[in-house]
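Coordinate inspection notes
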Amino acid sequence: MKRSSLYFTEDHALFRQSVRQFIDQEIVPQTEEWETKRRIPHSIFRRMGDLGYLGLPFSEEYGGAGADFWFSVVFLEELARCGMGGFATAVSVHEYMAINHIAKAGSTDLKQRYLVPAIKGEKIAALGITEPDTGSDVSAIRTSARLDGDEYVISGAKTFISNGTYGDFITLAVKTKPEAGTNGISLMVVDLESAGISRTKLNKMGWHSSDTAEIRFDEVRVPATNLIGMQHMGFYYLMESLQLERLVAAVMAVSGAELALEWTLNYLHEREAFGRKIGMFQAIRHKIADVATEIEVARQFVYHTCWLFTQGEVVVKECSMAKLHTSEMQKRVVDTCLQFFGGYGYIEDYPICRAYRDARVGTIAGGTSEIMREIIAKVVMDAVTYKGVYEGRKE
Ligand SMILES: Cc1cc2nc3c(=O)[nH]c(=O)nc-3n(C[C@H](O)[C@H](O)[C@H](O)COP(=O)(O)OP(=O)(O)OC[C@H]3O[C@@H](n4cnc5c(N)ncnc54)[C@H](O)[C@@H]3O)c2cc1C
């Protein structure tokens, strides 16, 4: 049989159908409520856990599906089609940015205590890197963890933390050897209900359904067994997983842009001006051709980068390019699409309005466009190369 895709099989197509049905039936109808309340109920995580969506890439030993990466790509594409950047972020941060560290480098005990309930959707996870005084420069974080007997004592603050307000635990980046820069950072799991933690919900421009918090840690005691992997290796674990994080962002940006295009095409076929459907005006048709081309070209590059990633390659340059290009592309696409809705594009009842707000943060969160360009320039101009953290540190 002739295959229609280099990457996806019939099984992926069937899986896509089931996720799409779930998103259309159980997520999209909740949009207004969740966006207005600025909160997603815990129950939807449990539902997704029951459906097996929260453990796609993880080992069956811990309740995961052990599915190949293309199932995750399908899942993320369909997730973004809910049209709520906030919901898509909450789920993707949980599954692909917070608990993946535990799956990759955590002890069996940590996996049992946190990965298993997270895959079931019983516990919601956050990832804490950014601090009030530093975001792009991860080496400058100041939140510290000092060893005291068989516990770490954590003090400091994190900000802009997705799932930080209502989440149950956080994969936290801390300085365990402050004088050692990048060689003094560790990752550990912290229960967000621990004594000494205070959380403040932040009021955002978009991504309303996702909760974002500033979290303060005042002498918070955490069992030493909550350390993920090796002490002082946290920076390298983070850098390695940033590839996945950026791919996830890129996959969802392309899908989000495509959804905006679909809404716009429908509108162009309905709305009339000067006695014709507005989709008949050549000025609009050519812009739509540009938008469709931008999306398709981006999609193929992202798929290729996903494929390199599945081959176990260290694809720092390509992942950075994918994140840079798709987040900037999504912003351009949504802006163009909104224009064709005329005044209605500015009205909250129209999802393109939300898409415009939601797309804005794409070039900031998960590494800004400027930082992506820095990384790409280092590879292209200075011949910097990267190794996987499990093989060794940056050359
Ligand atoms: C809605 C939202 C959700 C988020 N979720 C999370 C989360 O779950 N967990 C988490 O840890 N973080 C999260 N973040 C934080 C996000 O990753 C950071 O905001 C981002 O990395 C930028 O850091 P910063 O805000 O401190 O900006 P800064 O680092 O202060 O940068 C400010 C400006 O300076 C530019 N700049 C900095 N360094 C350079 C340079 N070397 N060259 C050129 N320009 C430079 C930046 O590009 C930017 O334009 C989230 C942010 C938002 C807005």
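The protein chain is annotated in an unreviewed UniProt entry as Acyl-CoA dehydrogenase family protein from Nibrella saemangeumensis. Quoted verbatim from the Sequence similarities (unreviewed entry) field of UniProt, the annotation for the protein chain is "Belongs to the acyl-CoA dehydrogenase family." Entered under Cofactor (unreviewed entry) in the UniProt record, the comment concerning the protein chain runs "FAD".

A few words on helix 8 (residues 282-310). Between its first and last C-alpha atoms helix 8 spans 42 Å; for 29 residues at 1.5 Å apiece the expected length is 42 Å, and the two agree. Inspection of helix 8 places Ile-284, Ile-288, Val-291, Ile-295, Ala-298, Arg-299, Val-302, Tyr-303, Thr-305, Cys-306 and Leu-308 among the buried residues, and these make up the whole buried set.

Structurally, Ser-194 is set in the loop between strand 5 (185-191) and strand 6 (197-201). Of the residues examined, Ser-194 reaches a relative accessible area of 18% and is grouped as buried.

Around the ligand, 20 residues are found, and the nearest of them are Thr-130, Ser-136, Phe-160, Thr-368 and Glu-370. Note that a nitrogen atom of the ligand is positioned 2.8 Å from one of the backbone N or O atoms of Leu-127. Thr-130 has a polar side-chain atom sitting 2.7 Å from a nitrogen atom of the ligand. A total of 980 Å² of accessible area belongs to the ligand in isolation, and the protein chains cover 65% of it. Every element with two or more residues in the shell around the ligand is listed here: strand 1 (125-128), strand 3 (151-162) and helix 11 (369-382). A total of three residues in the shell around the ligand trace back to one element, the largest contributor, which is strand 3. Here the shell around the ligand spans two domains, since at least three of its residues come from each of domain 2 (127-231) and domain 3 (235-382).

Glancing now at the UniProt feature "domain: Acyl-CoA dehydrogenase/oxidase N-terminal" (unreviewed entry) in the protein chain. What UniProt calls "domain: Acyl-CoA dehydrogenase/oxidase N-terminal" (unreviewed entry) maps, in this numbering, to residues 9-122. Helix makes up 70% of residues 9-122 and strand 0%. Its end C-alpha atoms lie 31 Å apart.

Core analysis: the biggest nonpolar cluster contains 97 residues, and Ile-27, Met-48, Phe-75, Leu-79 and Phe-87 have the highest contact counts within it. Element by element, the count of residues in this core is highest for helix 7 (residues 234-270), at 16 residues. With near-sequence residues (within four places) excluded, Met-48 lies in contact with Phe-22, Tyr-53, Leu-54, Phe-75, Leu-79, Phe-87 and Val-91. The next biggest cluster of nonpolar side chains, apart from the first, holds 18 residues, and it includes Val-190, Ala-213, Ile-215 and Phe-217.

This paragraph deals with the packing of helix 4 (residues 69-80) against helix 7. At a closest axis distance of 8 Å, the pairing of helix 4 and helix 7 adopts a crossing angle of 45 degrees. Classed by the angle they form, the pair helix 4 and helix 7 counts as oblique. When the axes of helix 4 and helix 7 are compared, the crossing they make is right-handed. Along the contact surface, helix 4 presents Phe-69, Val-73, Leu-76, Glu-77, Leu-79 and Ala-80, while helix 7 presents Leu-244, Leu-247, Val-248, Val-251, Met-252, Ser-255, Gly-256 and Leu-259. Here the contact of helix 4 with helix 7 is composed, by residue class, of 11 nonpolar, two polar and one charged.

Cut-offs used in this document
Residues numbered from 1 in each chain as written. Predicted model: local features only at pLDDT ≥ 70, side-chain atom pairs only at ≥ 80, totals over all residues. Heavy atoms only, no water. UniProt positions renumbered as here; feature names shortened; annotations may be inferred. Helix = DSSP H or I, 4+ residues; strand = E, 2+ residues; numbered from the N terminus. Expected span 1.5 Å × (residues − 1). Buried < 20%, exposed > 50% of the residue type's maximum accessible area, 1.4 Å probe, protein only. Near = heavy atom within 4 Å. Polar contact = N/O pair within 3.5 Å; in protein donor to acceptor, adjacent residues only side chain to side chain. Areas by Shrake-Rupley, 256 points an atom, 1.4 Å probe, with all protein chains shown as cover. Domains from an automatic or database assignment. Core = buried A, V, L, I, M, F, W, Y, C linked by side-chain atoms within 4.5 Å. Contact = heavy atoms within 4.5 Å. Axes fitted to C-alpha atoms, helices over the stretch in contact; angles between N-to-C directions. Parallel < 35°, antiparallel > 145°, perpendicular 65-115°, else oblique. Left-handed = near helix turned anticlockwise from the far one by under 90°. Nonpolar A, V, L, I, M, F, W, Y, C, P; charged D, E, K, R; others polar.

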